[in-house]
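Close look at the chain arrangement
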Amino acid sequence: MGFRDGFLWGGATAANQIEGAFQSDGRGLTTMDTLTVGNINKPREITFKTIDGTVHKAERLASIPEGAVGYVDPNDYYPSHVAIDFYHHYKEDIKLFAEMGFKAYRMSIAWTRIFPNGNDVEPNEAGLAFYDAVFDECLNYGIEPVVTLCHFDTPLYLADHYDGWSSREVIDFFVRYAQTVFTRYKDKVKYWMTFNEINVLRSWLQMGIHANDDQTKFQAVHHLFVASAKAVKLCHQIIPEAKIGNMVMYAPSYAMTAKPEDVMANIIYKRQVEFYLDVMVKGYYPSYKLEEFERHNITISMEENDLNIIQEGCVDFIGFSYYMSTMSTTDTSVAKTPGNNMMGYKNPNLDVSEWGWTLDPLGLRIALCEMYERYHVPLFIVENGLGAVDELTEDLVINDDYRIDYLTSHIKAMKDAVELDGIDLMGYTPWGCIDLVAWSTGEMKKRYGFIYVDVDDRGQGTFKRYKKKSFDWYQQVIATNGDVIG
Ligand code: BG6
C-alpha cells in the first residue's frame, strides 16, 4: 500500500530563519529581528528600549515592561538579519530542492515584506514580487509551495503601537494581509497554513503583547482564532480549490505510571494542545477550557459574531511539527529535559538529542493516531528532524548518518501509521531542509538540513551550499515514494 500517489514529500523553512536581507526592498522589522544569538546554556535575549531611551536586554521568555519598544542595536549580532541569505540564494536553493525530488516546499511569507508596519493600507510591491519569483521558481520544477502566513514574525510596529494581538484591530490588519496574498498568489499556491505552532506562541516575542498574564494571553489567542478563521473563509472564497490548515506543535504525552493520578495529569496536560485544535478544527471552545477560564477569573471579550466566525472558519487539515514526546506525572521530583518550546519530564526509556530533546520515533505514529482519531481530518507533518552539529570535512563532505537514522526511524513510524492505522496523511516536509538559524537558540551550529550552509553562529562564512550524505538518501526516499528508506 504505502504512501498515496502525489504524497507531498519535501522540506520546510520559515522566512525569519532563512531569508536575511532584513531591511531590503522595504521590509519592515519584526519582533524576531530583536532577538540576539544564544546557545543551549544561554537564552537568547530581546533588545528593547524603555521610554527614557535606555537600551535593555530581556531573556526571551520574560515580559517586556509597559511602553518598551523593540529595538535593534547596530553593535549587536542578530541572526535573522542575515540568516542564510536565502533572499539572494533562492534560485540556487530551490534548484537543490528540485534535485532531491521535492514535491512540496513549506515556507512562510514575511508579513512585513508585504506590509512593512503590518497595518499599511497599500502593500509593498517589491515584497510581493519577491514571493512571486520564489513561487515561480518552485512551480518551474513542479514543487508545490506550502505557505504559512505567519511563522512567529509579528510586525514590530504592531507590537510597539498596538500591544500586538491583545488589540482587536490587529485582526483586520492580518485579514488584509491574508486577502492580499491569497489574491496575488491564487494561481500559484494551493496549500496554506495560518499561524505556525499557534499553541506555543508567547507574550511579546510572537504575539507582541507586553503583559505576561493569562488574561491578556488568552484574549490575544482569541483574536488569533478569529483572524485565522476569517483567513480560512477568505482562502476558500478566493481560491476554492486550495486547502488551508492550522499548525500546532504536537508532542504526545505519556502518563509516567499507571497511577490514575498520572493518567489524569496527562489528560489535563494534553488539553494544552487540544484546546487549539478543538477550536480550529471542531469550531468551538471546549468545556474544559471554559471551566478553566471561569476558575481563574479569565473573561474573554468577544463580539457577537465571533463564535460563528470560528465555526465557519474550520481548517481543512492539521499541519503539525513533531520532534519529541514528553511525560506527565504528579511527582514533581522527576528530572526534566529541554524540548521544543518547553521543559518536559525526562522519559527514562528514551534517549535525548545533543540539545536534550527526547528521541521517540514511535511517538510520531502515536501523534498521528491521536489526532486522526480525535479530529478525522487529513494530517500533514510539516516539521520533523534532528538538530545536530555537522562537520564539513577537508574534502568537503558531511557524513550525517545520525540524521539519516533519525529520519529513517520516523518515516518508518509514519508509514506504519498509514499502512496499519489508516491515517490520512498528506505529506512530510522535514524541518530545515537547508541549514537555517535555530529558533530556540539562534545558533547556526544546530543544523537540520540535507544541505549544509557555510555560515557560523556569528554570520561568518562563505555562504556556500554543500550536499550532505542525507541529501542522496532523501532523494532515494522520494524517488521510491518511501519504499526504500534505509
Ligand atoms: C519549531 C519551529 O518550533 O521548531 C521552528 O516551528 C523551529 O521555527 C523548530 O526552528 C526547531 O527548533 P529549533 O529551536 O531547534 O530551531
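The preceding data block contains the structure.
Now for a quick tour of the structure. Just so we're clear, the structure is a prediction, and the values are computed from it rather than from any experiment.

Around the ligand, a shell composed of 16 residues is seen, among which Glu197, Trp439, Ser440, Lys446 and Tyr448 lie nearest. His151 places a side-chain nitrogen or oxygen 2.8 Å from an oxygen atom of the ligand. Interatomic distance of 2.6 Å between a backbone N/O atom of Trp439 and an oxygen atom of the ligand. Protein chains bury 100% of the 380 Å² of accessible surface belonging to the ligand in isolation. In a pocket analysis with a 2 Å cut-off to the grid points, the ligand is assigned to the largest cavity. Residue composition of the shell around the ligand, grouped by class: 7 nonpolar, 6 polar and 3 charged.

One pass over the structure, following the stated rule, counts 41 aromatic pairs. When the ring of Phe130 is compared with that of Tyr131, the centres are 4.9 Å apart and the planes differ by 65°; the resulting orientation is edge-to-face. The residues Phe130 and Tyr131 share a single accessibility class, namely buried. Seen from their ring centres, Phe152 and Trp439 are 4.8 Å apart, and the 50° between their planes marks the pair as tilted. Of this pair, Phe152 sits in the loop between strand S6 (144-150) and helix H5 (156-162) while Trp439 sits in the loop between strand S15 (425-428) and strand S16 (451-453); the two residues are 287 residues apart in sequence, bridging distant segments of the chain. The same class applies to Phe152 and to Trp439, which are both buried.

Basis of the calculations
Residues numbered from 1 in each chain as written. Predicted model: local features only at pLDDT ≥ 70, side-chain atom pairs only at ≥ 80, totals over all residues. Heavy atoms only, no water. Near = heavy atom within 4 Å. Polar contact = N/O pair within 3.5 Å; in protein donor to acceptor, adjacent residues only side chain to side chain. Areas by Shrake-Rupley, 256 points an atom, 1.4 Å probe, with all protein chains shown as cover. 1 Å grid on protein atoms, 1.4 Å probe; cavity = no way out; pocket = protein on both sides within 12 Å on 5 of 7 lines; lining within 4 Å. Sits in = over half its atoms within 2 Å of the grid points. Nonpolar A, V, L, I, M, F, W, Y, C, P; charged D, E, K, R; others polar. Phe/Tyr/Trp six-rings, centres within 6.5 Å; stacked < 30°, edge-to-face > 60°. Buried < 20%, exposed > 50% of the residue type's maximum accessible area, 1.4 Å probe, protein only. Helix = DSSP H or I, 4+ residues; strand = E, 2+ residues; numbered from the N terminus.

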